[in-house]
Amino acid sequence: MNLSVKSVENVEYMIEKIKEKLKVLNLGAIKPSHFDEEMYEELKEIYDLVMKKNSFSPNEMQALAEELGNLRKQS
């Protein structure tokens, strides 16, 4: 998978991988459909950070959740 290419499929892939790595309990809270390609670079940065680390403190989890919330599409 080439994540350097902006695509809906890559957004979906990164969101799913972030959810798996963070063990998001409320899976409905983070859906690929909440994000679009406009925020691709920011999402990719979060994805890269999450994939590099093995564990996260509660504060880091909160910060990541807030960042993802900031990237969500405005309805």
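Numbering of residues starts from 1 in every chain and runs along the sequence as written. For this predicted model, a pLDDT threshold of at least 70 governs which residues receive local features, and a threshold of 80 or more governs which side-chain atom pairs are given and counted, while totals over whole chains, interfaces and linings are taken from all residues. Water and hydrogen atoms play no part in the side-chain values, which are based on all heavy atoms of the structure.

Enquirer: Kindly report on helix α1 (residues 8-22), identifying the contributing residues and their values.
Expert: Because an α-helix completes one turn every 3.6 residues, residues spaced three or four positions apart along the sequence face the same direction. With 15 residues, α1 extends 21 Å between its outermost C-alpha atoms, agreeing within 8% with the 21 Å of an ideal straight helix rising 1.5 Å per residue. Burial classes: relative accessible area under 20% of the type maximum marks a residue as buried, over 50% as exposed, and values in between as partly exposed (1.4 Å probe, protein chains only). Comment: elements are numbered from the N terminus, with helices defined as DSSP H or I runs of at least four residues and strands as E runs of at least two. If you check which residues of α1 are buried, you get N10, V11, M14, I15, I18, K19 and L22. Down the axis of α1, the buried side of the element spans an arc of 170°, and every buried residue falls inside it. The exposed set on the far side of α1, more than 90 degrees from its buried face, consists of E9 and E20. Within two residues after α1, K23 carries a phi angle of roughly 55°, on the positive side. Helix span, expected: 1.5 Å multiplied by one less than the number of residues in the helix. Taken from the helix axis, the directions to the C-beta atoms give the arc we talk about.

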